[in-house]
Amino acid sequence: MTKEHPSEEEAASHSRRMFLRVTSAGVGLAFSGVAVGQAQSFELGGAVAGWQGRAPSSIEGETNPTLQLQTGQQYAITWENVDGQPHNIAILDANGEELERTEIITEQGATQTLEFTATEEMAEYYCEVHPSSMRGQIQLAGQQQQQPTQQEEPQLIPEGPSIGLQQVAGAPLQQPIGFTYANEDANRRFIVDQNGQIYVHGPDGLQDEPFLDIQEKLYYLTETRGGFERPEDSTFDERGLLGLAFHPDFQNNRKFYIRYSAPPRTQELAGPPNREGIPEEPDHTFVLAEYRATQDLSKANPDSERILLEIPEPQFNHNAGDIAFGPDGFLYVTVGDGGGADDTYSGHVDDWYRRNEGGNGQDITQNLQGSILRINVDTRENNRPYGVPDDNPLVGNTGFPEQWAWGFRNPWRMSFNDGRLFAADVGQSLFEEVDIVEKGGNYGWNVKEGTSCFNAQNSAQPFDQCPDRTPQNVRGGEPLIDPIIEYPHTYQGQSVGISVTGGYVYQGNTLSSLQGGYVFGDYSQSFEEPRGQLWIARPSEQGNKTTTPGEGTPTQTGAGTTPGEGTPATTTNGTTKTNQTTTEDGGQPQSQETPWSMEELVVEGSQNGEINRFVLAFGRDQNGELYVLGSNTGGVRGNGFVYKIVPPGEGESISTPTQTTTEGTTTQTGTAAETGTETTTTTGTGNETG
C-alpha cells in the first residue's frame, strides 16, 4: 500500500503511538483511461522492500501502489522478480482470503502475469512470502476514498516509561552487534562490530586501535553458494563477527571466545563426529574459537586462536551467533536453523513433523542447527576440543549431547538474569517471540511461528491446527514451549516490527521505571528506513492464563483447543488467530508461563519518540546499566552508534533518520508513517529472518 510521508510537524502530531481510525470522507476516485470491455495492464517490480509501480504512469515510481479497478473489467498484472528472492502475487478479499494467486518464483529477472476479472470482493494484493512489506490496496470504482481522522483506537503496545539516550560511541563503528565486559579490574567495555573488529570503550571513550581485528578471516559479501542468492549490488549480510564472551576467570587465564563466519569447509571439522546432516556445498562455516589476551590484558593475541567448534552452514542467513557464559560457568552458544526463506532450501533435514519440509529445529541427531548449545570450555573429551556437562539433557540419550535446547529459528541475542536464560527468536512472516530457555526445552520451530501454526508452503497463511507436543515416540512427547513475549508484524494495518532484537533485564540504579523489566526491541518497522523499536516487558500480574484443551476457555498464547471445538486462540496482545494446537498422542499439553505484557519506551529528545535507528543489539555494563546498539544504514558498511539508556532529561536530541543509498548519496527519511514490512531479508545485522 502507498504511504504518504508526512512533514516533521505532521509526524509529531500523528505519532505511530496513535492508531488512526479510517473513516469515509466522501472523496471519490477518478478512473480515467479505463474503457469498459477493454483489458488494462499493470506492471510492477517485485522486491522484499515492496512492489514498485512501473506502469501505467499513474503508479510509476510508487511503492505498493493502490490499483484502481472497475468491477467486471478484465486486468493483467505483470511483475518482474527484481531481487532474486522468493515472491509471488496474490489478490485478497477484505477478510484476507486469497481470491487469485500465482506460483512462487525465485529467479531474478523472471516475470509472471496474473490475469483476472475484477470483483467487488477484491481488497488487497500481496506477496505470500513477504506479506507485510509487499502489500498494496485495491480500490474499486465507486468506492469512497478513505481518510484518517485522529480518533484513538486501543493500542497494541501502550506507551510506557520515558527514557533518554546518550551517545557513548560512534565512528569507526559500522554495524555494532555486541556489547559486553570482562570480569576484571579495568574500567572498560567491549563493542563488537560485525565487520570483524572488537573495540575497547573506556572512561575516555572508544580506543582507536581494535582489541582484536579478524576481518581477514571472515567470509561474507561474496556470492552465496546455498541457492539463496542476493542482488550483486546488495550490501546486507548476516555473516561476520557475531559473538563475544569473556571467560569468568579472564583476569587470570586471559581467555575469551568469539563466533564468526569463515570460508566453507566440510572435512576435519572441530566438534562432534558423525554429523549426517552436513550440507554437501555449504555457504560458509560457523566457527567458535578461543583466544587469549596479552599478558597485560590490553589487547588480544591474534596468533592464539584455538578453534572449538565448526558447523557448515547451508545458507548465508539465520546464523544467530550470540554466546554467553551462564552463572554455572558453562558457555552457551546460539545456532540458527540454516536459513533460506521458509527454511525449505538445501541444508534442511527431515524430522518427525512431516507436514512442513525442513526447519532443522526439530532434529537433534543429524546436525546442530536450530538449537542452543552448552559446553565446558575448560576440558576436552570424546575427540572434542571442549567438554560436555554431565547434566546436559541429551547426555546418554539419542542426539548431540552439546544441545541444551532446540526448536529455534534464528535466536538473535540472549542474556541471563538470576539464572534464567532469555532468548529472542526471529520469526518468518507474521510473529516475533522471546523465550525463557529451559533445559531440554523444545521451542516449536518449524511446527510453530510463535504460537501460530506455521505453514512452510505459505507462511502468510498459518495452518488451522498443529501439534502442541512431539509424538510419544519422539523424546516421550515433549511439549512445544510457548514464548513469554509474542507480537505480530502488523496490527490494524500498521507495522509493529519485522525482526526481534533480544535485550536484558534492567538491574541498574538510575532508572527506577525500568527496574526488573526486560528491555528489548525490534530491528525496524521498515527495511527501507531506520525505524527501530524499544520496548520493556514484565510478567503479567493479571495476565490471561494459558489453558489446556478441554477447559473451554480461549487460550491467550495459542496453547490451543482440541480439534473441532472451533474456539479461536489469540496472541498475547489480542490479535485474532484461528489456529489451534493439538497433541499428537492425544495427551494434554503442559501449562505454559503467563505471557508478559509489553510497553513502548518513549525516547525523550526525539520528535517522534523513537530511536530513529536500526536496532541491532543491546548491552549491559558492570553496574547493570543498559545500552542500545544501532546504525542508520542498511548494510554492513554504515554508521554505527552506541547509546546509553539514561533518565529523561539526561539524554541528547535524537535526529530524524538518514540513510546512505547504494549510490552513496544521503537520503533524509524524516519520520514517515509506517510501511508494512516483511521479515524475510534484513540488512547485515545477523538478525535477518528470510
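Residues numbered from 1 in each chain as written. Predicted model: local features only at pLDDT ≥ 70, side-chain atom pairs only at ≥ 80, totals over all residues. Heavy atoms only, no water.

### Quick notes on the overall build of the chain
In plain terms, the rule: Helix and strand assignments come from DSSP, with helices taken as H or I runs of at least 4 residues and strands as E runs of at least 2, each series counted from the N terminus. The cut-offs for exposure are 20% and 50% of the maximum accessible area for each residue type, with area from a 1.4 Å probe on protein chains only; residues under the lower value are buried, those over the upper are exposed, and the others partly exposed. For this analysis, residues touch if any pair of their heavy atoms sits within 4.5 Å. In these tables, accessible area is a Shrake-Rupley quantity obtained with a 1.4 Å probe, and a residue counts as shielded only by the protein chains included in the view.
Within the chain one finds two helices and 44 strands. The 690 residues of the chain split such that 62% are buried. Residue pairs in contact within the chain that sit at least 24 positions apart in sequence constitute 66% of those at least 6 positions apart. When the accessible area of the chain is evaluated, it comes to approximately 25,100 Å², of which 42% is carbon and sulfur surface.

### A word on the packing of aromatic side chains
The condition is simple: Here is the rule: rings of Phe, Tyr and Trp (six-membered ring for Trp) pair when centre to centre is within 6.5 Å. Planes less than 30 degrees apart are stacked, more than 60 are edge-to-face, and the remainder are tilted. Two conditions define a charge sitting above a ring: the NZ of Lys or the CZ of Arg must be within 6 Å of the ring centre, and it must be within 35 degrees of the ring normal.
Throughout the structure, instances matching the rule amount to 25 aromatic pairs. Taking the centre distance of 5.7 Å and the plane angle of 65° together, the rings of Tyr 257 and Phe 325 count as edge-to-face. With Tyr 257 in strand S19 (residues 255–262) and Phe 325 in strand S22 (residues 323–325), this pair connects stretches of sequence that are 68 residues apart. The ring of Phe 463 has Arg 355 lying over it, and the distance from NZ or CZ to the ring centre is 3.5 Å. Just above the ring of Trp 445 sits the side chain of Arg 409; from NZ or CZ to the centre is 5.3 Å.

### Things to note about the nonpolar core
The condition that has to hold: To form a nonpolar core, buried Ala, Val, Leu, Ile, Met, Phe, Trp, Tyr and Cys residues must be joined to one another through side-chain atoms within 4.5 Å.
Membership of the largest hydrophobic core comes to 51 residues, with the highest contact counts inside it found for Ile 198, Phe 211, Phe 256, Ile 258 and Phe 520. Counting 23 residues, the second-largest nonpolar core is a separate cluster that includes Trp 79, Ile 89, Ala 110 and Tyr 125.

### Overview of the side chain of Ser 540
Stated formally: Nitrogen and oxygen atoms within 3.5 Å of one another constitute a polar contact, given that in protein one can donate a hydrogen and the other can accept it, and given that sequence-neighbouring residues count only through two side-chain atoms.
Checked against the element boundaries, Ser 540 lands in the loop between strand S37 (533–539) and strand S38 (580–583). Polar side-chain contacts of Ser 540 include one of 3.1 Å to the backbone nitrogen of Ser 597. Leaving out residues up to four positions away in the same chain, Ser 540 has contacts with Thr 594, Pro 595, Trp 596 and Ser 597.

### What to know about the confidence of the model for the chain
Just so we agree on the cut-off: Per-residue confidence from the predictor is reported as pLDDT, which spans 0 to 100.
For the chain, per-residue confidence averages 80 on the pLDDT scale, and 78% of positions sit at 70 or higher. Of the regions scoring below 50 in pLDDT, residues 659–686 engages in 131 contacts with residues more than four places distant in sequence or in other chains.

### Remarks on the sheet that holds S19
Threshold: Note on pairing: DSSP must find at least two bridges between two strands before they are called paired. Only the stretch in contact is used when fitting a helix axis, every axis being a line fitted to C-alpha atoms; angles between N-to-C directions are given from 0 to 180 degrees.
Spatially, four strands are ordered S18-S19-S20-S21 in an open sheet, and the strand pairing comes out antiparallel. One side of each edge strand has no neighbouring strand; the edge strands of this open sheet are strand S18 (241–246) and strand S21 (300–313). Each neighbouring strand pair of the sheet contributes to a mean axis angle of 20°, computed without reference to strand direction. For S19 and strand S20 (residues 284–293), the ladder comprises eight bridges, and the chain directions are antiparallel.

### Side note on the pairing of strand S23 (residues 331–335)
Burial within S23 is extensive, with five of its five residues counted as buried. Burial along S23 is two-sided: the residues Leu 331, Val 333 and Val 335 and Tyr 332 and Thr 334 are all buried. Linking two consecutive strands that pair antiparallel, namely S22 and S23, is a turn of five residues; a positive phi of about 85° is found at Gly 329 within it. With five bridges connecting them, S23 and strand S24 (residues 371–375) associate as antiparallel partners. Residue Val 335 lies in a different strand from S24, and its bridge partner there is Ser 371.

### Quick word on the sheet that holds strand S27 (residues 420–425)
Pairing between sheet strands relies on hydrogen bonds along the backbone, with the strands arranged either parallel or antiparallel. Taken together, four strands build an open sheet; the order of strands is S26-S27-S28-S32 and the sheet is antiparallel. The open sheet terminates on both sides in strands that have one partner only, identified here as strand S26 (411–417) and strand S32 (485–488). Mean inter-strand twist for the sheet, computed between neighbouring axes without regard to direction, equals 15°.

### A few points about the pattern of salt bridges
How we decide: Note on definitions: salt bridges are taken to be side-chain nitrogens of Lys or Arg within 4 Å of carboxyl oxygens of Asp or Glu.
Within the structure shown, the criterion is met by 18 salt bridges. For Arg 239, the salt bridge identified is with Asp 237, shortest N-O distance 2.9 Å. You'll find Arg 239 and Asp 237 in the same group, each marked buried. Between Glu 310 and Arg 265 there is a salt bridge; the shortest N-O distance is 3.2 Å. Linking Glu 310 in strand S21 with Arg 265 in the loop between S19 and S20, this pair joins segments that are 45 residues apart in sequence. On the basis of relative accessible area, Glu 310 is assigned to the buried category, the value being 4%. The network of salt bridges with common partners includes Glu 98, Arg 101, Glu 103 and Glu 128.

### Some remarks on the state of the cysteines
For clarity, the cut-off: Pairs of cysteine sulfur atoms within 2.5 Å are what we label disulfides.
Here the structure, examined in full by the defined rule, presents one disulfide. Each sulfur of the disulfide joining Cys 453 and Cys 466 lies 2.2 Å from the other. In this structure the cystine formed by Cys 453 and Cys 466 twists about its S-S bond by roughly -70°; its chirality is therefore left-handed. Note that Cys 453 is positioned in strand S30 (residues 452–453) and Cys 466 in strand S31 (residues 465–469), a separation of 13 residues in sequence. The class for Cys 453 is buried, based on a relative accessible area of 0%.

### Quick word on the environment of Gln 175
Mapped onto the elements, Gln 175 comes out in the loop between strand S12 (159–169) and strand S13 (176–180). The buried category is assigned to Gln 175, whose relative accessible area is 0%. A sequence separation of 466 residues divides Gln 175 from Phe 641, and the C-alpha atoms of the two residues are 8.1 Å apart. Within the structure, the side chain of Gln 175 is placed 2.8 Å from the side chain of Ser 631, a separation counted as a polar contact.

### Examining the environment of Ala 169
With respect to the helices, strands and loops of the structure, Ala 169 is situated in strand S12. Along the primary structure Ala 169 and Val 642 are separated by 473 residues, whereas in three dimensions their C-alpha atoms are 5.1 Å apart. Beyond its immediate stretch of four places on either side in the chain, Ala 169 contacts Ile 191, His 201, Leu 206, Gly 640, Phe 641 and Val 642.

### Section: the pairing of S12
As paired elements, S12 and strand S39 (residues 596–603) share three bridges and run parallel to each other. Bridging across to S39, Ser 162 finds its partner in Val 602.

### Comments concerning unusual backbone geometry
One can expect most non-glycine residues to show negative phi and most peptide bonds to be in trans. The peptide bond linking Ala 55 to Pro 56 adopts the cis configuration, its omega dihedral lying at 0°. Mapped onto the elements, Pro 56 comes out in the loop between strand S3 (50–55) and strand S4 (67–69). For the bond from Trp 445 to Asn 446, the omega torsion is 5°, close enough to zero to count as cis. Note on placement: Asn 446 falls in the loop between strand S28 (431–437) and strand S29 (448–449). Of note in this structure, Asn 383 is not a glycine but carries a positive phi near 60°. Following the sequence through the fold, Asn 383 ends up in the loop between S24 and strand S25 (403–406). Here Asn 383 falls in the exposed class, since its relative accessible area comes to 80%.

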